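These are the residues of each chain, in order.
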Amino acid sequence: MSAPRRDELVATMDQWLRPELFRDYCPNGLQVEGRDRVRTVISGVTASQRFLEQAIEAGADMVLVHHGYFWKGEDPCIRGMKRRRIEHLLSNNVSLVAYHLPLDAHRAMGNNACLARTLGASDGAPVSDDPCELMWAGNLDEPMTPQALASRLESRLERAPLPVEGGPELIRRMAWCSGGAQGMIDRAAALGADAYLSGEISEPTVHSAREQGLHYFAAGHHATERDGVQALGAALAEAHGIEHRFIEDPSPA
């Protein structure tokens, strides 16, 4: 059998993730067009130059990432770092496909769904019925001290979190949102969470946690968004009978 077409794979992912529902900061789906047929998809968190070089060396026909290109507000000129990245894709005839907020929000494969499993919150779910909802909440399957939860996160995310202690001795109810969502901590407090987790931290986040009585964990933007793209790539490979591999380009941020 011949390899599936590029546009067929993108259509499948669009059907699963429904990017048309989201007001995002970048285009979702096919960002750079490569060869028509796809046998191997390589996934990663961010389409950095180092990731692209490793993916192409591994035989990628398509690279699938969470953080792609063409962000709102950035310089649109194709020069410097941007030129080198895009030239590397085009000269090797490799497609770049990226899903940002749709991949955070997906109820089964999304980054926040994956975080529910990481945290051990089997009843974790979005906090509203909005299909674009990004914040999730749930009860830990067993109450944990902040120190124990930090250890679990470090083990499962392969990165030590930055904790801010401001809540009860035992954490029972969590709220979370992957990536740069520290600004949603006030909403987590209003939901009655004992703790809130996201990827990044800002100076006001510390005071919000302490003064509103909840713990905060900055678990890393990259680390909290590693699993969704892997789940999406694996599902795509199973649906279309192609090869999928995840390549890590570690980031401390």
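Every chain is numbered independently, its residues counted from 1 as its sequence is written. Where local features are concerned, this predicted model is filtered to residues with pLDDT of at least 70; where side-chain atom pairs are given and counted, the filter is 80 or more; whole-chain, interface and lining totals use all residues. Note: side-chain values were computed over all heavy atoms of the structure, leaving out hydrogens and water.

K.L.:
Is there a simple way to explain the overall build of the protein chain in this structure?
P.N.:
Helix and strand assignments follow DSSP, with helices taken as H or I runs no shorter than four residues and strands as E runs no shorter than two, numbered in order from the N terminus. In terms of regular secondary structure, the protein chain is built from nine helices and 11 strands. For 253 residues, the compact-globule estimate of 2.2 N^0.38 gives 18 Å, and the C-alpha radius of gyration of the protein chain, at 19 Å, lies within 12% of that figure. By principal-axis analysis of the C-alpha atoms, the protein chain measures approximately 55 × 40 × 30 Å. Working definition of accessibility: Shrake-Rupley area with a 1.4 Å probe, residue cover restricted to the visible protein chains. Of the accessible surface of the protein chain, which amounts to about 11,500 Å², a share of 48% is contributed by carbon and sulfur atoms. Taken together, the 25 basic and 35 acidic charged side chains of the protein chain have centroids lying 4 Å from each other. Put simply, the radius of gyration uses C-alpha atoms, and a globule should come to 2.2 Å times the residue count raised to 0.38. We score Asp and Glu as negative and Lys and Arg as positive, and we do not count His or the chain ends. To locate a charge, take NZ of a lysine, CZ of an arginine, CG of an aspartate or CD of a glutamate.

K.L.:
I'm lost on the environment of Gln147 in this one. Help?
P.N.:
Along the chain, Gln147 turns up in helix α6 (residues 146-157). Three labels apply to residues, based on accessible area from a 1.4 Å probe with only protein chains included: buried if under 20% of the type maximum, exposed if over 50%, partly exposed otherwise in between. Residue classification places Gln147 among the partly exposed residues on the basis of a relative accessible area of 47%. On a C-alpha basis, the gap between Gln147 and His100 in space is 31 Å, while along the polypeptide they are 47 residues apart.

K.L.:
Explain the packing of aromatic side chains to me, please; I cannot follow it from the model alone.
P.N.:
The geometry of two aromatic rings is summed up by the distance between their centres and the angle between their planes. Ring pairs are drawn from Phe, Tyr and Trp, using the six-membered ring of Trp, whenever the two centres fall within 6.5 Å, and their geometry is named by plane angle: stacked under 30 degrees, edge-to-face over 60, tilted for the rest. A complete count under the given rule lists three aromatic pairs for this structure. Judged by centre distance (6.5 Å) and plane angle (40 degrees), the rings of Trp136 and Trp176 are tilted. Of this pair, Trp136 sits in strand β6 (residues 136-144) while Trp176 sits in strand β8 (residues 171-176), and the two are 40 residues apart along the sequence. Residue Trp136 shares its accessibility class with Trp176, and that shared class is buried. Between Tyr196 and Tyr216, the ring centres sit 5.8 Å apart and the planes meet at 35 degrees, which makes this aromatic pair tilted.

In short, the description is geometric, and any link to function would need to be established separately.
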